[in-house]
Amino acid sequence: MTATITDRSTVLSARDLVKTYPGGRGKESVTALDGVSFTAEPGTVLGLLGPNGAGKSTTVKILTTLSRADSGTAYVAGHDISASPGEVRRLIGFVAQKPVTDPMDTGRENLELAARIHGQTRRDARLRANELLDRFNLTDAADRLVRTYSGGMARKLDVAIGLVNRPQVLFLDEPTTGLDPQARSEMWQEVGRLAGEDQMTILLTTHYLDEADHLAAHLVIVDEGHVVAEGSPDALKSELRGDTVIIELASEGDVSAARAALDRLPEPREFVVDGAVLRGRADHGGRALPGAIGVLEAAGIAIESATVSRPSLDDVYLKHTGRSFTAAKGDES
Ligand SMILES: Nc1ncnc2c1ncn2[C@@H]1O[C@H](COP(=O)(O)OP(=O)(O)OP(=O)(O)O)[C@@H](O)[C@H]1O
């Protein structure tokens, strides 16, 4: 079914997606998605965040027609994904986490091949490859083997390949993981331009909260197959009133005693522990901190550092998933 072009909600939207994977060999089945819904505003970046196993990849696989939902509906680029998967595939770009390029071909050859696979004539493929090489500042390296590219150049080529068919909707799965700060910032600029100038609608999954904060107009946080929070990064942060108080103890062994001491104070409260770090909330962090330091010192607990900060996306994530984003991602972030 094709929706009318004017129906902006069909550019990228999911409604009650459910997906269960069979357990196999006596294991229980896994409900990867348990009613996931969201809608992206056309021409913006929607950031999909969540801990490992939350259901992000499953959502992306369903929306890119690589997998089928058990129930629910979704529209991508104006088409119902179950009724018109072929149309959806023609109108989207998908940049997976793993490179799709052949390292033993040049950048230009990789791009031309991708364009030919999309049905472009040899001439059109050549023109499109030139356009994209230029756009991603890869013209000078166009005729070098991809295996000689830096990480940032190779990732840019991956994104260029995802754009070869001029997609209306682009799926970017962790586009900057492993890139150095300079390459990340170039990628941010390009993603911002794709949404802003080219009016492309982009679904981004990322392991970096600052990336989501910077690029996404709308964030969808998923956990255990559910959407646990959504909104603009600023709206999500402003829902958290007050400040975050972060106290790092010298020893993780003191955490229980510290909690007991701090519980005697009205503020900071709602502590979440991550190793030797306690993160709490206070209406006025600057006023609450001296009291907290005082009770810890009185209990003989050594403090490594103590800080107050405005709520960050990490705090939003923590509130809704019960885990710190950094901790959930381990050393990767
Ligand atoms: N093919 C599969 N067979 C069985 N279970 C699966 C399969 N794919 C995913 N799962 C399970 O479904 C749940 C959601 O997985 P999914 O890969 O969508 O999460 P994710 O949010 O993308 O995680 P990550 O950040 O680790 O990539 C997990 O419990 C996962 O183990």
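Since this is a predicted model, take the numbers as computed values, not measurements.

Q: What am I meant to see in a positive patch on the surface here?
A: On the surface, a cluster of positive charge is contributed by Arg116, Arg122, Arg123 and Arg126. Here the positive patch takes three residues from helix 4 (residues 122–135), the largest share from any one element. Assignment of secondary structure puts Arg123 in helix 4.

Q: Is there a simple way to explain the layout of surface pockets in this structure?
A: To find the voids left in a structure, one rolls a probe of water-molecule size over its atoms. Looking at the largest pocket, its volume works out to about 520 Å³. Of all the secondary-structure elements, those providing two or more residues to the lining of the largest pocket are strand 6 (92–95), helix 3 (107–117) and helix 5 (151–162). Residue composition of the lining of the largest pocket, grouped by class: 10 nonpolar, seven polar and five charged.

Q: I keep staring at the site of the ligand and nothing clicks. Help me out?
A: The immediate surroundings of the ligand are formed by Tyr21, Val30, Ala32, Pro51, Asn52, Gly53, Ala54, Gly55, Lys56, Ser57 and Thr58. One nitrogen or oxygen atom from the side chain of Asn52 is found 3.2 Å from an oxygen atom belonging to the ligand. Thr58 has a polar side-chain atom sitting 2.5 Å from an oxygen atom of the ligand. The protein chains hide 63% of the 640 Å² of surface that the ligand would expose on its own. When contributions to the shell around the ligand are tallied by element, the ones reaching two or more residues are strand 2 (30–39) and helix 1 (56–63). Ranked by the residues each element gives to the shell around the ligand, the list is headed by helix 1, at three residues. A class-by-class count of the residues in the shell around the ligand yields five nonpolar, five polar and one charged.

Q: Is there a simple way to explain the pattern of salt bridges in this structure?
A: Pairing of side chains with opposite charge becomes possible as their charged atoms draw close. Scanning all chains against the criterion turns up 19 salt bridges. As a salt-bridge pair, Glu197 and Arg193 come within 3.9 Å of each other at their nearest N and O atoms. Residue Arg193 is classed as partly exposed on the basis of its relative accessible area, which comes to 32%. When salt bridges that share partners are traced, they join Arg135, Glu190, Arg193, Glu197 and Asp198 into one network.

Q: Can you walk me through the sheet that holds strand 6 in this structure?
A: Through backbone hydrogen bonds, the strands of a sheet pair up, either in parallel or in antiparallel fashion. Read across the sheet, six strands follow the order 6-7-8-3-9-10 without closing on themselves; strand pairing throughout is mixed. In this open sheet, the two edge strands, each paired with only one partner strand, are strand 6 and strand 10 (226–231). Between one strand axis and the next, the sheet turns by 15 degrees as a mean value, whatever way the strands run. Two strands pair when backbone bridges link them, and strand 3 (residues 45–49) and strand 8 (residues 201–205) are joined in this way by four bridges, in the parallel orientation. Looking at the pairing, Val45 lines up with Ile202 of strand 8.

Cut-offs and rules
- Residues numbered from 1 in each chain as written.
- Predicted model: local features only at pLDDT ≥ 70, side-chain atom pairs only at ≥ 80, totals over all residues.
- Heavy atoms only, no water.
- Patch = residues over 30% accessible without salt bridge, like charges linked within 9 Å, V, L, I, M, F, W, Y side chains within 5 Å.
- Areas by Shrake-Rupley, 256 points an atom, 1.4 Å probe, with all protein chains shown as cover.
- Salt bridge = Lys/Arg side-chain N within 4 Å of Asp/Glu carboxyl O.
- Lys, Arg positive; Asp, Glu negative; His and termini not counted.
- Charge placed at Lys NZ, Arg CZ, Asp CG, Glu CD.
- Helix = DSSP H or I, 4+ residues; strand = E, 2+ residues; numbered from the N terminus.
- 1 Å grid on protein atoms, 1.4 Å probe; cavity = no way out; pocket = protein on both sides within 12 Å on 5 of 7 lines; lining within 4 Å.
- Points joined across faces, edges and corners; volume = space filled by probe spheres on them.
- Nonpolar A, V, L, I, M, F, W, Y, C, P; charged D, E, K, R; others polar.
- Near = heavy atom within 4 Å.
- Polar contact = N/O pair within 3.5 Å; in protein donor to acceptor, adjacent residues only side chain to side chain.
- Buried < 20%, exposed > 50% of the residue type's maximum accessible area, 1.4 Å probe, protein only.
- Pairing = 2+ DSSP bridges.
- Axes fitted to C-alpha atoms, helices over the stretch in contact; angles between N-to-C directions.

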